[in-house]
Every structure is written in C-alpha cells, then in structure tokens.
Amino acid sequence: MSASNTEMGRAGLEKVYNPKEVEDKLYQYWLSQNYFHARLDSTKPPYVIVIPPPNVTAQLHMGHAYDNTLQDILIRFHKMGGYEAEWMPGTDHAGIATQNVVEKYLTKTEKKSRHDLGREEFVRRVWEWKEKYGSIIIEQLKKLGCACDWQRERFTMDEGLSQAVAEVFVRLYNKGLIYRGKYIINWCPRCMTALSDEEAEHKDTTGSLWYIKYQLYRSKKFITVATTRPETMLGDVAVAVHPDDKRYKKLIGKTAWLPILHRKIQIIADEAVDPKFGTGVVKITPAHDPNDFLMGERHQLEPILVMNEDGTMNANAGPYEGLDRLDARAKVVEQLQREGLIEKIEPHTRPVGHCYRCDSMVEPYLSLQWFVKMKPLAEPALAAVRNGNIKLRPGRWNKVYEHWMENIRDWCISRQLWWGHRIPVYYCEKNHLTASTTAPEKCMTCGSANLRQDPDVLDTWFSSWLWPFSTFGWPQDSPDLKYFYPGNTLVTGHEIIFFWVARMIMAGIEFMGDIPFRNVYLHGIVRDAQGRKMSKSLGNGIDPLDMITKYSADAVRLSLLMLSSEGADINLAENHFEIGRNFTNKIWNAYRFLMMNLDESSVQAATAAAINAARQENRLELADRWILSRYNKAVQRLTSALGEFHFHEAIDTVYNFFWKEYCDWYLELIKPRLYGEDAEAKKTALVIATFIMKNTMKLLHPFAPFISEAIWRGEGAEGSLALGRHEAESLLLAAWPAPVNEFDNDRAEAELSLLQDLIGAIRNMRGEMNIPIGKTAEVLIAGGDGQDPAIITQHASYFEQLARTHSIKYDRQLARPKLAASAVVKDFEIYLPLAELIDINVERNRLDKERQRLEKLLEDLNRRLHSQDFVSKAPPQVVERERQKKIEFEMNLQKIVANMAQLAE
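Residues numbered from 1 in each chain as written. Predicted model: local features only at pLDDT ≥ 70, side-chain atom pairs only at ≥ 80, totals over all residues. Heavy atoms only, no water.

### Focus on the overall build of the protein chain
Here's step 1: Helix and strand counts for the protein chain stand at 32 helices and 29 strands.
Here's step 2: Dimensions of the protein chain, computed from C-alpha atoms along their principal axes, come out at roughly 110 × 75 × 55 Å.
Here's step 3: Going through the 905 residues of the protein chain one by one, you find that 54% of them count as buried.
Here's step 4: Within the protein chain, residue pairs in contact and separated by at least 24 positions form 78% of the contacts whose partners lie at least 6 positions apart.
Here's step 5: On the protein chain, roughly 39600 Å² of surface is accessible, and the fraction owed to carbon and sulfur atoms is 48%.
Here's step 6: Here the protein chain holds 114 positive side-chain charges and 120 negative ones, and the gap between their average locations is 5 Å. (Helix = DSSP H or I, 4+ residues; strand = E, 2+ residues; numbered from the N terminus. Buried < 20%, exposed > 50% of the residue type's maximum accessible area, 1.4 Å probe, protein only. Contact = heavy atoms within 4.5 Å. Areas by Shrake-Rupley, 256 points an atom, 1.4 Å probe, with all protein chains shown as cover. Lys, Arg positive; Asp, Glu negative; His and termini not counted. Charge placed at Lys NZ, Arg CZ, Asp CG, Glu CD.)

This is the structure in structure tokens:
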C-alpha cells in the first residue's frame, strides 16, 4: 500500500466499530469457504460436539444464545488448536409442543381441530408447518455466529433417525427391556397424553387438607381420613393404617362405609402408612395415586378409575359424572359438609405435578402404557461417571446424577399424540403383539395378515437420547459414525440432566458399546435482573436478535460470558449488553490507533522471530519486555481455562490483558516512541504492538468471532490493513497461539508492576486534590529500601506520559515538603507538592463544603436506617441500596478529611 493510499485508509477508518457492515458479510464468507464442515479424510484428530437440538417450534431466546455461544467457543478453540472440529446441528420434532402449536394454528385459521382433519391429514399439516417455520431458529443461530456443520444438519424425524428409533425400540423389546402394562402414570388432561416423571414439573401448591369421617360398618362410630384430593374418594377401595399404630389396631380387618357412594371398603394395615400424617388413616385409591397403586397391588385390591382422560368425572363417580375434576372436588366437599362428614379443614401446601408444556395440573392416572426398564441401562451409565470416564462440570452435579440414577424409575415412553415416531408395534385381531422396524405382512404369533399399528407415538426424548450416534448414520456403520463417535463434549443446561444427558449416556453404552462424550458442561439458566425465570407471562424476556441488532452478535456473546460464573445462573438486564459493546469499541479503537501508525512492513515483521532478534540485540524497553511476558501469561491462563471449561476465567483473562494491560498501559507507554524521531525505536514498538494485537485477535476469536476476523482480514473499514491474512486467510485456519518461552520475564513484570503502583498513586492524588489535567507536576519519591532507584529514574518518561509529571526526584532520605499530598507504595513514600498546582485556599473551601455536604447526607441516611418503620416496610433492595450508600459516603468523607489535613500544614 502506498503512502497516499495509507493516508486515505487511515482517514476512512470509522471512529466507532460498525458491526452491521461486518457480521453478515463475514458469516457468508465462512459459509462460502466451507470452513465449518469437518472432513473425514483429515489427518487431524476429531473434536465433536452435538448441539442440544432446539424444538422446531422454538425462537431463539437468551438461553439458546448462551448455550450456543459456549459451544461455538469450544469449536473455534479446538479448530484453531489443530482438531477437525465437528459441531453437529439439528432440530427436535418436539411432539407435544409442535402438536399444540399446530392445533392452535388450525383452530385460529380454520376453526378446526385435529380430529376434524383426521390423523393422516393432520400429520401432513404438521410437516407442512415444520417446512415453513421449523428452520427459523437455525437461521437465528447463524446470526449469533455459530460455526455449525450445516451440511450435516439433522432432524429427529428425518428418515435416518426414524430408522434408528424403530431399531432401538425393537432391540429393547426383544431384550425384555421394553414392556406394556397398566400403571399409574402422569397424565395431562389438557394435552391428553401420558408424561414421564421428568416431564411433570412439581410446584409447591397451597390447598387444603380435608378430614373426612368414614362410618364403620354396623356401627355409629367413625374413622377419620385426611386427604388433599376429596374428589378421588369416589374411587376408594380401602382405608389403611400402620400395623403398629395402637390407636387403630382393633379396626384392622373391619369394614367402613364409603361416604356418598355407600360402598363397603376394607380397613387394611400397611407399613407404608405414615402414622404422623393427618389422623394416621389414609384412603386408598389405586387408580389415582402411585403409592396407593403399589399398596393396592400388595393387597390385591381392584382399582376403580373415576375420571376420563380429559379430567372430567366418569360413570364410576356416580352423581358427579361429567363434572370437571376441580368442580367435582367442590361439590363433593359441599355434600360431605351437608351430611356432617367434614371434621375439619386445614390449609396445606404440597408439591403438585404440572405439565411441562401447557402447565396444566397433572393427574396421577391408571393407564395402559409402554415403559422402558431403566435399572439395567442405568447401572453402566452410573459407573461411567463414578469411574471418571465421563466428567460432569461443575463437579457438584455428580451427586445429583448419582442420586437420580440410583433411584431411577421405569420410563413411560408412550404418548397419546399424532405427531412423533409411531410405536413400531402391530396387533392382530387376537391382540398378539409384533414389534418390527418395518410394517410386517403377518402376525408373528398366529400368522394373521389383518394387522393394525399401535396408535401412540414415542416420547420426544426417545429419539433425542440417540442423538450422538443416530445423527452420524447409526444403525449403519457409516464412515461418519466411525470417525465422529464417540464425541468429546456436551454443553447443555442443567435442567435437562435427567431428560437428556443421563439417557444419552445409557443409550451410547447400550447401542454403541462406548460413552457418547467425555465431558459434560452443565450451565445455568439466564434469568432477568431480579433473578426470575424469563417467560411470556411475566413479559421479562429479552430477545437476543433485538440485542444483536442493537449491540452486535459479539457484544451479546461477550456480555453473557462476562456475567457468567461456572455453572451458575445469569441475572440479565438489557443495559448489560453495553459491557460487550464497550469492549468491542475498545478493540476497534486499539486497532484504529495502530492503523494511524502502521504500514505493511510492520505487519509483515510482527513475528516472534523478529521480536526475539530485537530482544537479543537489547532493543526492547522495559514496557516491551513486560507486555510480551504478560502476553505469555495470558496465553497460558486462557488456554488452560478453556481446557477446563472455565469460560468466565477465560474471557476475564483476555479482557483484562487486552484492555487493562495492552491498551491502558502498553499503547500509552509507546506513544513517545511512535511520535518521536528515532525510527528504529518506533519500528520496534510498532512490531511488538502489532504482534500482540494480531495474536490477541486469535485469543479473542472464539469469544468475539466477527470483530476479530474483521481485524485479521482487514475488513473492518475501507483502507484498513489486514493484520493476519499473510499468515492465514481466516482465523478459522490460523493456529492457536502457543507461549513463546523467550518472552517470559518475571523481572520485567515486577519492575513495571512497581512503576504502575507508583504512577497509579500519583494519579489518585491528582484526582483527589482536583489538580487540573493540563498542569504537570513535580513528584518527590523517598524510601524504597532494598529497591533499585534506577527503576524510577531511568523511566521518568513513563511518569511524564501517564502521571503528567515534568520532574521526578528520588532520594532515599528525602524529607516530606510542606503542603504536599502524600501516598505510600510498598517501601516508597511519594510527595506531590501542591502550591504550584492548585489555589490552596480555594481547594480548602471546596473540601470543607464537600465535607459538610457528606455529613448532612450521612445524617439523613443514618436517621432513615435507624427508623424501624423504613427498614421493615421498604423493599429489601431499597434498604440494601441505602446501606451501600452509607458505606460509600463514609469512605468519601474519610478521604476528604485526610486531604484537608494535608492542606492544613
């Protein structure tokens, strides 16, 4: 580039980074070059992450943004680290969620239900809807910068994955690990389907505990039962007491009358009864309570179902047939009160299951369903974590995982839906069962050709648990499967550790003979600023796409990372994205500063070899030796942090190094050389500054891929120089930085650290004493026993540049002058004579007024904080804010008083 062109470029470089001109263009460039696609013939070791497939109904939310940012960091980091990095993308068919969305759409647009259309047409409509809207979130992930291998994108109901689902079902059925039976399951009356235990989210719900009197048979006496669900008493088949409960021993084996329906029921003894709950007598309703179901089996009691699938009462409910379950509850209580059978009612809070999709109250319901026996599958999956083959991060999740696996229950896998993988079981007229991956021509038992397929579909998670290997071609032994399985890392939210993580481990071991990944990083939830879960009902969600438009994709990614800590939830407000935007602006400003001084020869010379040559020729200043050593430390710490999944430590490392060391100190310290007459000194400073800038873009790339690539390729603005294209066309092709051993220099770090402390103390004194920025100061330094004074005297220019001094005088025995501000740094005493810098009387008056103002504010604050009325009635955050103000005012007052003392001499 010629000098004139360079000048034009410098003039054209925008003052503020404009991501809108960069992000889409760079993403399309990455796609056009096929940089995200992993190749099988590579000599590199594979590094594999499979995406937690978002629902096809989903729109990108902050949880997705955070989750996928973490995965993208790992993929880009390993790609630059020499791995063939494969990030498998895809979406989940999301049975209940998608069926609900399409049903609502049909009702709104056509005033029709799925039953009006029929199964075949409804499923066709869902596929139609999926093709139209199902890829929205994929396009949104691209806006975030996700380096997914889009050529391998999968969907849980595409042909290959559907084949895998059928294969797994049949294998487990033939092995005796899938069975059909009547059990109490979680039933959603709104979605009209069974739910697994994990899909029934329990919430503490305030209700009542009713004490109901059951009359003893052929007696005027009563036995009182405590229940939280009086409407289910219509299905009672017994009442139970503990066999050792002395209060009721004589009643065991006798009979009671069931109120309302006047049915005779037995009084039984069972050790499962808690004598301390209620009266110690419980009603037994095997069709509507899981514990009662087990007790009913032990005592051979016939269950009586009193509800329909839609939550209304059936014919077994007698006079309450047709009523909704909660309306029936109210009517039952009314009748019992009229008949004098309610002894008392107490408020009672208990955990109640709610549907994870529609939030309806789940009904424990006796139903014929399909189940997977989980214990045999769980044992090797539990061992894989215990023996360290799989590491859960943070490690605190090990105990949670182990507890769930040790107490695992069979998995209800059938769903009464139309959208999903239909259960591959076929029945003949005699109800013989044939499990087959393809539709059989005849019954395997009796040979009948008249077959019908089970109408239910499989739980969505039944396809998701196969994701790490079905996506690569299983059950075929494909080249992709051989190369990419097992994977390396799973990144996901901790809330699906049981839904998905544990089940994938089981499936991997069972069907592949190996664990699906070695590391699982479980991150927290993104909440609002008050710590509440983001939801439509609260209206507290923040749209990541809006934030990308307003702040940039890099800013969204950086902000989420800076607010995170290992595995913890993030409390997020919109203004937090200013953190990331400010950082990208700082990066841009540093690049812009270099561009004003840089030419192509300096870019080409910015290599470790050239810097080492200058080092050997003693052409490096203290600041040079210091920044190179600090760079080494940053590379080591950042690389280690990412290797251990310490994402916050990683971003904190590069942020502090770049902003607080490179920008705030090094770039400031080299300005005299850049603007001086010594061409060799200028070239050395520029080469080192460019080397650090270029390699910091490598370190930043996993976190902020767009701005780092723009600077690397010189695409940030017209006329900008590419810092790295001579090394690699893209950062995705560049090698991850390795520490340069020759750059390590503990002595330089210690010496410059001392100068930073001294300069910082002088700057603080200038600020506290209100010294105008335009006035340079004389500084006197004494003490420093055991320190080499040359560190100070030889670097007077550093003080001039960063502390606005015109003279630095050092004498170990120097006495403190009058009217001087002072500070102590290590063994040094620093004196700042004030007479020539400020009007002493004006400053005394200013400080005195400030003292009086702070004392008045503190008086008011103390009065408020000592008021019991304020402390008890004000919101806690307001009280805490006032307490923090008090601490701040007290600290400021102490400084004012100390400064006044220095001016009183």
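### With respect to the environment of Gln852
Here's step 1: The topology assignment puts Gln852 in helix H30 (residues 840-865).
Here's step 2: With 41 residues separating them in the primary sequence, Gln852 and Leu893 have C-alpha atoms 9.2 Å apart.
Here's step 3: In terms of polar contacts, Gln852 uses its side chain to reach the side chain of Asp848, at 2.9 Å. (Polar contact = N/O pair within 3.5 Å; in protein donor to acceptor, adjacent residues only side chain to side chain.)

### Focus: the pairing of strand E11 (residues 263-269)
Regular strands have side chains that alternate between both faces of the sheet.
Here's step 1: Looking at chain direction, strand E9 (residues 238-241) and E11 are connected through four bridges and run parallel. Bridging from a neighbouring strand, Ala240 pairs with Ile268 of E11.
Here's step 2: Hairpin connection from strand E10 (residues 255-258) to E11: four residues lie between these consecutive antiparallel strands, with Ile260 at a positive phi of about 70 degrees. (Pairing = 2+ DSSP bridges.)

### Details of the pattern of salt bridges
Oppositely charged side chains can form a pair if their charged atoms are brought close together.
Here's step 1: Tallying each qualifying case throughout the model produces 61 salt bridges.
Here's step 2: One network of salt bridges, in which partners are shared, links Glu110, Glu121, Arg124, Arg125 and Glu128. (Salt bridge = Lys/Arg side-chain N within 4 Å of Asp/Glu carboxyl O.)

### Focus: the confidence of the model for the protein chain
Here's step 1: Per-residue pLDDT for the protein chain averages 91, and the proportion of residues at 70 or more is 98%.
Here's step 2: The model gives residues 1-11 a pLDDT under 50, and that stretch makes ten contacts with residues more than four places away or in other chains. (pLDDT = per-residue confidence, 0-100.)

### Observations concerning a negative patch on the surface
Here's step 1: Together, Glu309, Asp310, Asp324 and Asp327 make up a region of like negative charge exposed at the surface.
Here's step 2: Residue placement: Asp327 occurs in helix H10 (residues 325-338).
Here's step 3: Looking at Asp327, the relative accessible area reads 44%, which means it is partly exposed. (Patch = residues over 30% accessible without salt bridge, like charges linked within 9 Å, V, L, I, M, F, W, Y side chains within 5 Å.)

### Section: the side chain of Thr434
Here's step 1: Among the secondary structure elements, Thr434 is positioned in strand E19 (residues 433-435).
Here's step 2: Judged by its relative accessible area of 4%, Thr434 falls in the buried class.
Here's step 3: A polar atom in the side chain of Thr434 sits 3.2 Å from the backbone nitrogen of Met444.
Here's step 4: Ignoring sequence-local partners within four residues, the contact set of Thr434 consists of Pro424, Val425, Tyr426, Pro440, Cys443 and Met444.

### A word on helix H25 (residues 679-700)
Here's step 1: Between the first and last C-alpha of H25 there are 31 Å, a value that for 22 residues agrees with the 32 Å anticipated at 1.5 Å per step.
Here's step 2: Counting buried positions over the 22 residues of H25 gives 17, a clear majority of the element.
Here's step 3: The backbone nitrogen of Glu680 lies 3.1 Å from a side-chain oxygen of the residue at the head of H25, namely Asp678. (Expected span 1.5 Å × (residues − 1).)

### Concerning the packing of helix H12 (residues 397-406) against helix H16 (residues 497-512)
Here's step 1: Their axes nearest at 12 Å, the elements H12 and H16 cross at an angle of 75 degrees. Between H12 and H16, the angle is such that the two are roughly perpendicular. Contact residues: Trp397, Val400, Tyr401, Trp404 and Met405 in H12; Ile497, Phe498, Ala502, Ile505 and Met506 in H16. (Axes fitted to C-alpha atoms, helices over the stretch in contact; angles between N-to-C directions. Parallel < 35°, antiparallel > 145°, perpendicular 65-115°, else oblique.)

### A few points about the side chain of Asp92
Here's step 1: Within the secondary structure, Asp92 is located in the loop between strand E3 (90-91) and helix H4 (95-110).
Here's step 2: A polar contact of 2.7 Å, which involves the side chain of Asp92, links it to the backbone nitrogen of Ala94.
Here's step 3: Residue contacts for Asp92: discarding those within four places in its chain leaves Pro53, Pro54, Asn55, Val56, Phe155, Thr156, Thr460 and Ser464.

### Comments concerning the sheet that holds strand E18 (residues 425-427)
Here's step 1: With antiparallel pairing, three strands are arranged side by side in an open sheet as E19-E18-E20. Each edge of the open sheet carries a strand with a single partner, namely E19 and strand E20 (452-453).
Here's step 2: Summarising the sheet, E18 and E20 pair through two bridges and their orientation is antiparallel. Bridging across to E20, Tyr426 finds its partner in Gln453.

### Here we look at the pairing of strand E29 (residues 828-833)
Here's step 1: Looking at chain direction, strand E26 (residues 777-783) and E29 are connected through four bridges and run antiparallel. Considered in E29, the bridge of Ile781 is made with Ile830.
Here's step 2: By the bridge criterion, six bridges tie strand E28 (residues 820-825) to E29 in an arrangement that is antiparallel. The residue of E29 that forms the bridge with Val825 is Phe828.
Here's step 3: Between E28 and E29, which pair antiparallel one after the other, the connecting turn spans two residues, and Lys826 there sits at a positive phi close to 55 degrees.

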